[in-house]
Amino acid sequence: MKRLWVALVLPLALAACGAEPVWAPDEAVQRARYVSGEPPSITLYTVVRKRGGEGAHSGLMIDASQRVLFDPAGTWHHPWVPERNDLHYGITEQMRKFYIDYHARETYDVVEQKVYVSPEVAEAALRRAESYGAAPKAFCGRSVSDVLSGLPGFESIPRTFFPNTLRKAFSELPGVQTRTYEDGDPDNNHGVLLVQKSQAAELAAAGAGGS
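Bear in mind the structure is a predicted one, so any value in this text is a computation, not a measurement.

Analysis parameters
Residues numbered from 1 in each chain as written. Predicted model: local features only at pLDDT ≥ 70, side-chain atom pairs only at ≥ 80, totals over all residues. Heavy atoms only, no water. Helix = DSSP H or I, 4+ residues; strand = E, 2+ residues; numbered from the N terminus. Buried < 20%, exposed > 50% of the residue type's maximum accessible area, 1.4 Å probe, protein only. Contact = heavy atoms within 4.5 Å. Areas by Shrake-Rupley, 256 points an atom, 1.4 Å probe, with all protein chains shown as cover. Expected span 1.5 Å × (residues − 1). Salt bridge = Lys/Arg side-chain N within 4 Å of Asp/Glu carboxyl O. Core = buried A, V, L, I, M, F, W, Y, C linked by side-chain atoms within 4.5 Å. Polar contact = N/O pair within 3.5 Å; in protein donor to acceptor, adjacent residues only side chain to side chain. Axes fitted to C-alpha atoms, helices over the stretch in contact; angles between N-to-C directions. Parallel < 35°, antiparallel > 145°, perpendicular 65-115°, else oblique. Left-handed = near helix turned anticlockwise from the far one by under 90°. Nonpolar A, V, L, I, M, F, W, Y, C, P; charged D, E, K, R; others polar. Pairing = 2+ DSSP bridges.

Caption draft 1: Representation of the overall build of the chain. For the chain, the count of helices and strands is 7 helices and 7 strands. The helix and strand sequence of the chain, counted from the amino end, reads α-α-β-β-β-β-β-α-β-α-α-α-β-α. Across the 211 residues in the chain, those meeting the buried criterion constitute 47%. Restricting the contact set of the chain to residue pairs at least 6 apart, pairs at least 24 apart contribute 69%. Element-wise, carbon and sulfur atoms account for 55% of the exposed surface of the chain, whose accessible area totals about 10,500 Å².

Here is the structure:
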């Protein structure tokens, strides 16, 4: 019975996950490198269904020697953000907001949970994410928990397929800062990518004009 329950519930819980492996060239990754200047931190993002509260997707922002976003089996992308498998480089504040805006809509909220860590722990998380490889569809929670599990200070994080299980375990970490993002955008969020691309192009044009 338990196996049947997992077989029925798992696809529903992780329906928002799905990605294809890609590998950006070295030049693009080096050019996009972004250093936030903030203290090292690890931030868990969980996409939560408004009605029912199911966890639909997990992503992990790592602020180490550079700031990256590990988005296993995710569907968000941006032309300014090179990706290697599921790791996105060049996560500026604008790109962080773009990522949240893409997922927060009339049917889903985004829960942000941030923990400050030592530089060593942040770098270890970055190395794990870089070496993890592309995640199969519906493996977002498992992939993020694999990266976190066993890191100093994250020993309590279980290896799990369920984003909500991961979110609840993360909420019990000392010093965690939590914020929930809500948005009334239509449920079909594919157009958000086009809008984000257009906004970025406008900002680039404005910057070029002012130089």
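Caption draft 2: Local environment of helix H4 (residues 119–132). If you check H4, its first and last C-alpha atoms are 20 Å apart, about what 14 residues at 1.5 Å a residue would give, namely 20 Å. Within H4, the full set of buried residues consists of Val-121, Ala-122, Ala-124, Ala-125, Leu-126 and Ala-129. Against strand S1 (41–49), strand S2 (55–63), strand S3 (67–70), strand S5 (87–89) and helix H5 (140–148) lie the buried residues of H4. Gly-133 lies just past H4 and shows a positive phi near 90°.

Caption draft 3: The arrangement of the environment of Ala-169 in detail. Here Ala-169 is to be found in helix H6 (residues 163–171). Residues Ala-169 and Ile-157, 12 residues apart in the sequence, show an inter-C-alpha distance of 5.8 Å. With residues up to four places along the chain from it excluded, the contact list for Ala-169 reads Ser-156, Ile-157 and Pro-158.

Caption draft 4: Seen up close, the pattern of salt bridges. In the structure shown here, the tally under the stated rule is 10 salt bridges. A salt bridge links Arg-159 to Asp-146, with the nearest nitrogen and oxygen atoms 3.0 Å apart. Of this pair, Arg-159 sits in the loop between H5 and H6 while Asp-146 sits in helix H5, and the two are 13 residues apart along the sequence. Within this structure, Asp-63, Arg-67, Glu-93, Arg-96 and Glu-112 form a network of salt bridges that share partners.

Caption draft 5: Fine view of the nonpolar core. Ile-42, Leu-60, Ile-62, Leu-148, Phe-154, Ile-157 and Phe-170 are the most contacted members of the largest nonpolar core, which totals 29 residues. For this core, the leading source of residues is H4, giving 6 residues. Excluding residues that lie within four positions of it along the chain, Leu-60 makes contacts with Ile-42, Thr-43, Leu-44, Val-68, Leu-69, Phe-70, Val-144, Val-147 and Leu-148. Membership of the second largest hydrophobic core comes to 14 residues, among which are Met-61, Val-81, Ile-91 and Val-110.

Caption draft 6: Local environment of the environment of Arg-128. Within the fold, Arg-128 resides in helix H4. Residue Arg-128 is classed as partly exposed on the basis of its relative accessible area of 29%. Residues Arg-128 and Val-147, spaced 19 residues apart in sequence, show a C-alpha to C-alpha distance of 5.8 Å. The residues touching Arg-128, leaving out its near neighbours within four places in the chain, are Asp-146, Val-147, Leu-148, Ser-149, Gly-150 and Leu-151. Of note is the side chain of Arg-128, whose polar atom sits 2.8 Å from the backbone oxygen of Val-147.

Caption draft 7: Structural context of the packing of H4 against H5. In the contact formed by H4 and H5, the axes pass within 9 Å of each other and the chain directions differ by 140°. Compared by their axis directions, H4 and H5 come out oblique. Crossing of H4 over H5 shows right-handed handedness. From H4, Ala-125, Arg-128, Ala-129 and Tyr-132 reach across to H5, where they touch Arg-142, Ser-143, Asp-146, Val-147 and Leu-148. In terms of residue class, the contact of H4 with H5 is made up of 5 nonpolar, 1 polar and 3 charged.

Caption draft 8: View of the pairing of S2. A large share of S2 lies buried, amounting to 9 of its 9 residues. Across 8 bridges, S1 lies against S2 in antiparallel orientation. Counterpart to Ser-41 in the pairing with S2 is Asp-63. Linking S1 back to S2 in an antiparallel pair, the connection comprises 5 residues, with Gly-52 at a positive phi of about 110°. In this sheet, S3 lies alongside S2 in antiparallel orientation, the contact comprising 4 bridges. Across the sheet, Met-61 pairs through a bridge with Leu-69, a residue of S3. Taken together, S2 and the strand that follows it, S3, pair antiparallel across an intervening segment of 3 residues.

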